[in-house]
Amino acid sequence: MNTHRQDFPLLRDCKVVYFDNACQTLRPKQVIEAINEYYQDYPACGGRSMHHLAAKVTHKCEEARSIISTFLHAKRKEEIVFTRNTTEGINLVAHSLGLKAGDIVIISDKEHNSNLIPWQVLRDKIGIEYKIIYSKEDNTFDLEAYKQALNNRVKLVSLGFTSNLDGVTIPANEIITLAHKAGALVLLDGAQAVPHRKIDVQDLDVDFLAFSGHKMLGPSGTGVLYGKYSLLTKLDPFMVGGDTVASSTYETHEFLPPPEKFEAGLQDYAGIIGLGAAVNYLNTIGFEFIEQQEQMLNKYITTELKTISGLKIIGPSDPKERGGICSFYIPGKDHHQIALMLDETSKIMIRSGQHCVHSWFYAHQIPGSVRASVYFYNTMNEAEVFIRELKKVVSIL
Amino acid sequence: MFCIIAFIVLSIIGIFNVSYRELAKEAYECVFRRITFRPCNTGFKEKMQAKLVGKLLTKSVAAARFLNKHFELLAWLLFITTVASIFWTGKGLFNFYMYGSCNGLNKSGFCALDPKGENNKVSQTGGSCGTGEGDESKVTLKGVDLSLFPSQKTDSKDEVVLIGCYSCDYTRKAYPLVKQLISENKVNYTFAHYPVKEETLYLLPIGYCAYKQDPDKFWQLNDKLFASEKSDIAKKEFVDTILKDIGYDVEAINSCSTSPETNSAVVDRRIQLEKTSVYGTPLVFINGKGLVGPKPYRVYERILKGWRFW
Ligand SMILES: Cc1ncc(COP(=O)(O)O)c(C=O)c1O
């Protein structure tokens, strides 16, 4: 029995089989309590006011920042900028980096819209270029093509660390080393990576790392942008106003140092504090257990899926290369129908569609896929139910 | 197309059940193309199909497969059934409003709005009271000489004829309504006693003679006969006292009623009444339209006033 399940209200009496963790994970009671505590005991402004409630908010938010900084092994907690989600983190870098016409940004062919649209907009607005590195046959990263693409016009390499489409993780260390050699910075979209594996930003030497709190047990609409402090100081904030400046006159203003200069307006204090609690919780679980659990479940699911005739798994056939994600389609059978029916028959929550990676699906002429994404609190029992019901549904479609 | 079907069906179910209103709203949005078949969003039809098939799948794989395979066709069948049932419900409501019976004028089949069929009950000409099963389409005034019967004339063109039986419950139910109708509207009114029961057969000659003696007082006699106990009016002595109370010459009426001339007049009148194809009382004709059984007042009034009623 997976003892952690008791911490998740929705899982206590097995009301649902939740296999949509790549979209959002569930939250343990520790996170819910931390949020409630804020609203009940000290629901005040952080940073601005002097009273003791405000001081407590500030303290709690800074504590969360420290927890996350330690979690990522950042050099200092000021490298942690709170955002609403991964998308905001990527946009912040895109709009603050000072890219110019002719500058090149490297992305891959499997990027989430969050790491594609900002570059399309900058291409249209200021004339940057973006180069797409197409994946290999098995959907893994093509390091050779990447090497070929690097040159002195490449200012930024912006890649999804782990793909939400197929769960494939890129060889980040090598990619970063090569980029730095070519004089480019690296932004990693860590939405699907940070919740699932130990990440050491210093070891990686990554310049920016964006991720979402809601995909790692945190409250909805919370996120983090990690950035090397030296780089953050050089970046212009793209959203400005209250809380970003030390002072202002009618004519001038003086920005606060990072991270404050990027955190414009009143923050989601409850969310930030809840995210701190979520990271604390993840620390107690440990990534060893998380990875082990995900691999065990994905191995079983993959093995069983392969027995369904006509079913195609997106990405490498070895589940070890796909983390907790198993994305598949059956030509001629509607992916939405499958997802809806699984919900209807056994309250199995999975994602269907194009997972905001429309570009990849259009390019491959695949209408969409069904995606099961597991997390450490999922069980073999649930995986068995999923497979059993899926086979039933597929048999009638 | 499915959206339209679903929208209509769900809207109707939604009237009675709140939980379907949301779906109806979704169908409405789908109809007006607000839900587009964007890849991120499944279409309404697919959603409904998956929900229904999924539900069935928990019960029977074969049935779910069948539903999934023939979903469009089954949806159409459901739609047609729904439309048909709406049509029939609407027709039933219309008929009940118009004629007091869901099934149409003088139709005595089951009607949920009048479950006991009160509006169609008649005293059958055979003698017993019950639901009339005669041929209502045949009742008519054609060829009937109404001038032979007691009447109240006005200069109106409207005509109300009541053929009823003094001792029958359903005529007794209709009588006050017909009276209300003729008092509230200027009409020519004719009354005919059609005794479906033996015990009031003797009132035929008495009525004939009373009307002959004093037509005005006849209407008082009518009121009193309908207002008295059925068992009382079966007794001649009782009727005599009524006649006396009204101011009739009872002796003269009694001798008139046994005369051969009266006898043949009564037979003549009976012959005229048979021409109406009456199969049960009350039978009310309003401007020639025959209504068998006691109808709600609105039905009488509507038929009398025609379009002016609306
Ligand atoms: C790889 C990846 N990048 C970016 C995002 C966007 O995350 P958010 O919506 O939290 O900004 C997601 C969300 O699914 C994702 O999986």
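What counts and how
- Residues numbered from 1 in each chain as written.
- Chains lettered and ligands numbered in written order.
- Predicted model: local features only at pLDDT ≥ 70, side-chain atom pairs only at ≥ 80, totals over all residues.
- Heavy atoms only, no water.
- Helix = DSSP H or I, 4+ residues; strand = E, 2+ residues; numbered from the N terminus.
- Buried < 20%, exposed > 50% of the residue type's maximum accessible area, 1.4 Å probe, protein only.
- Areas by Shrake-Rupley, 256 points an atom, 1.4 Å probe, with all protein chains shown as cover.
- Contact = heavy atoms within 4.5 Å.
- Buried area = accessible area lost by both parts, 1.4 Å probe.
- Salt bridge = Lys/Arg side-chain N within 4 Å of Asp/Glu carboxyl O.
- Axes fitted to C-alpha atoms, helices over the stretch in contact; angles between N-to-C directions.
- Parallel < 35°, antiparallel > 145°, perpendicular 65-115°, else oblique.
- Left-handed = near helix turned anticlockwise from the far one by under 90°.
- Nonpolar A, V, L, I, M, F, W, Y, C, P; charged D, E, K, R; others polar.
- Near = heavy atom within 4 Å.
- Polar contact = N/O pair within 3.5 Å; in protein donor to acceptor, adjacent residues only side chain to side chain.
- Pairing = 2+ DSSP bridges.
- 1 Å grid on protein atoms, 1.4 Å probe; cavity = no way out; pocket = protein on both sides within 12 Å on 5 of 7 lines; lining within 4 Å.
- Points joined across faces, edges and corners; volume = space filled by probe spheres on them.
- Expected span 1.5 Å × (residues − 1).
- Phe/Tyr/Trp six-rings, centres within 6.5 Å; stacked < 30°, edge-to-face > 60°.
- Lys NZ or Arg CZ within 6 Å of the ring centre and 35° of its normal.
- Domains from an automatic or database assignment.

*Asks:* What's the story with the overall build of chain B in this structure? I'm lost.
*Replies:* The helix and strand inventory of chain B stands at 13 helices and eight strands. A buried classification covers 47% of the 310 residues belonging to chain B. When the accessible area of chain B is evaluated, it comes to approximately 15,700 Å², of which 59% is carbon and sulfur surface.

*Asks:* Hey, could you run me through the interface of chain B and chain A in this one?
*Replies:* In many analyses, interface size is given as the accessible surface area lost on bringing the parts together. Listed per partner, the contact involves 18 residues of chain B and 15 residues of chain A. Overall, the association of chain B and chain A removes approximately 1,500 Å² of surface from exposure, summing both partners, and the carbon and sulfur fraction of that is 65%. The interface formed by chain B and chain A includes two salt bridges. Note that A:Glu344 and B:Lys55 form a salt bridge whose closest N and O atoms lie 3.0 Å from each other.

*Asks:* Where do I start with the packing of helix H8 (residues 215–227) of chain B against helix H10 (residues 236–246) of chain B in this structure?
*Replies:* Between two packed helices, what matters for the description is the angle formed by their axes and the separation of those axes. Residues and elements named next belong to chain B. Two elements in contact, H8 and H10, have axes separated by 10 Å at closest approach and are oriented at 140 degrees. Here H8 is positioned oblique relative to H10, judged by the angle of their axes. Seen along the crossing, H8 lies across H10 with a hand that is right-handed. Residue-level inspection shows Lys217, Gln220, Leu221, Lys224 and Leu225 of H8 in contact with H10, the latter providing Val239, Ile242, Leu243 and Ile246. Here the contact of H8 with H10 is built from residues that sort into six nonpolar, one polar and two charged.

*Asks:* For this particular structure, what's the right way to read the site of the ligand?
*Replies:* Residues and elements named next belong to chain A. Around the ligand, a shell composed of 14 residues is seen, among which Thr87, Asp189, Gln192, Ser212 and Lys215 lie nearest. A distance of 2.7 Å is found between an oxygen atom of the ligand and a side-chain nitrogen or oxygen belonging to His214. Lys215 places a polar side-chain atom, nitrogen or oxygen, 2.7 Å from an oxygen atom of the ligand. Burial of the ligand by the protein chains amounts to 88% of its free accessible area of 390 Å².

*Asks:* Even after reading the chapter, I still don't get the sheet that holds strand E3 (residues 151–152) of chain B, so can you show me in this structure?
*Replies:* Sheets are built from strands paired through backbone hydrogen bonds, the pairs being either parallel or antiparallel. Residue and element names in this part refer to chain B. Read from one edge to the other, the open sheet built from five strands follows the order E3-E5-E4-E7-E8, with strand pairing classed as mixed. If you trace the sheet from one side to the other, it starts and ends with E3 and strand E8 (289–292), each paired once. Bridge count for strand E4 (residues 159–164) against strand E7 (residues 283–286) is four bridges, and the pairing is antiparallel. Bridging across to E7, Ile163 finds its partner in Leu283. Contacting E3 and strand E5 (188–193), H8 runs over the sheet at an angle of about 55 degrees to E5.

*Asks:* Can you help me understand unusual backbone geometry in this one?
*Replies:* Trans peptide bonds make up most of the peptide bonds, and negative phi angles are found at most residues other than glycine. Looking along the chain, the bond that leaves A:Pro258 and enters A:Pro259 is cis, with omega of 5 degrees. The omega angle of the peptide bond from B:Thr281 to B:Pro282 is 0 degrees, so this bond is cis rather than trans. With a phi close to 75 degrees, A:Asp243 is a non-glycine residue in the positive phi region. Phi at B:Ser277 takes a positive value of approximately 65 degrees, unusual for a residue other than glycine. Looking at where B:Ser277 falls in the secondary structure, it is placed in the loop between helix H12 (260–274) and strand E6 (280–281). For B:Ser277, a relative accessible area of 31% puts it in the partly exposed group.

*Asks:* Help me understand the layout of surface pockets in this model?
*Replies:* Gaps left between atoms show up when a probe the size of a water molecule is rolled over them. Residue and element names in this part refer to chain B. Of the pockets and cavities examined, the largest pocket occupies roughly 450 Å³. Elements represented by at least two residues in the lining of the largest pocket include exactly helix H1 (2–16), helix H2 (19–31), helix H3 (44–57) and helix H5 (71–99). Considered class by class, the residues forming the lining of the largest pocket number 15 nonpolar, one polar and three charged.

*Asks:* I'm lost on H1(B) in this one. Help?
*Replies:* Note that an α-helix has 3.6 residues per turn; residues three or four places apart therefore point the same way. Its 15 residues place the ends of H1(B) 22 Å apart at the C-alpha level, agreeing with the 21 Å of an ideal helix rising 1.5 Å per residue. Within the span of H1(B), buried status applies to B:Phe2, B:Cys3, B:Ile5, B:Ala6, B:Val9, B:Leu10 and B:Gly14.

*Asks:* Explanation requested: the pairing of strand E2 (residues 80–83) of chain A in the structure shown.
*Replies:* As a general feature of sheets, a regular strand has side chains that alternate between the two faces. Residues and elements named next belong to chain A. Alternating residues of E2 divide into Ile80 and Phe82 and Val81 and Thr83, and every residue in both groups is buried. Summarising the sheet, E2 and strand E8 (residues 223–227) pair through four bridges and their orientation is antiparallel. Directly across from Thr83, in E8, lies its bridge partner Gly223.

*Asks:* Whenever I open this one, the packing of aromatic side chains confuses me. Can you help?
*Replies:* To describe a pair of aromatic rings, one takes the distance between the centres and the angle between the planes. Applying the stated criterion across every chain, the model contains 24 aromatic pairs over all chains. Between the aromatic rings of B:Tyr211 and B:Phe218, the centroid separation amounts to 5.5 Å while the plane-to-plane angle is 80 degrees, which identifies the pairing as edge-to-face. One aromatic cluster is present, built from ring pairs that chain together B:Tyr166, B:Tyr175, B:Tyr189, B:Phe191, B:Tyr211, B:Phe218, B:Trp219 and B:Phe226. The ring centre of A:Phe71 lies 5.4 Å from the NZ or CZ of A:Lys198, which sits over that ring. Against the face of B:Tyr194 rests B:Arg270, its NZ or CZ located 4.4 Å from the ring centre.

*Asks:* Please explain the pairing of E8(A) as it appears in this structure.
*Replies:* Residues and elements named next belong to chain A. A large share of E8 lies buried, amounting to five of its five residues. On E8, burial covers both faces: Gly223, Leu225 and Gly227 on one face and Val224 and Tyr226 on the other are all buried. As paired elements, strand E7 (residues 208–212) and E8 share five bridges and run antiparallel to each other. By the bridge assignment, Phe208 is partnered in E8 with Gly227.

*Asks:* How do you make sense of the domain arrangement of chain A when you look at a structure like this?
*Replies:* Residues and elements named next belong to chain A. Entries for chain A in the domain assignment read domain 1 (30–284) and domain 2 (286–396). Each of domain 1 and domain 2 was reduced to a C-alpha centroid, and the two centroids are 28 Å apart. Facing 29 residues of domain 1, the contacting portion of domain 2 comprises 25 residues. In terms of surface lost to domain 2, no three residues of domain 1 exceed Asn164, Leu165 and His196, which account for 29% of the buried area on that side.

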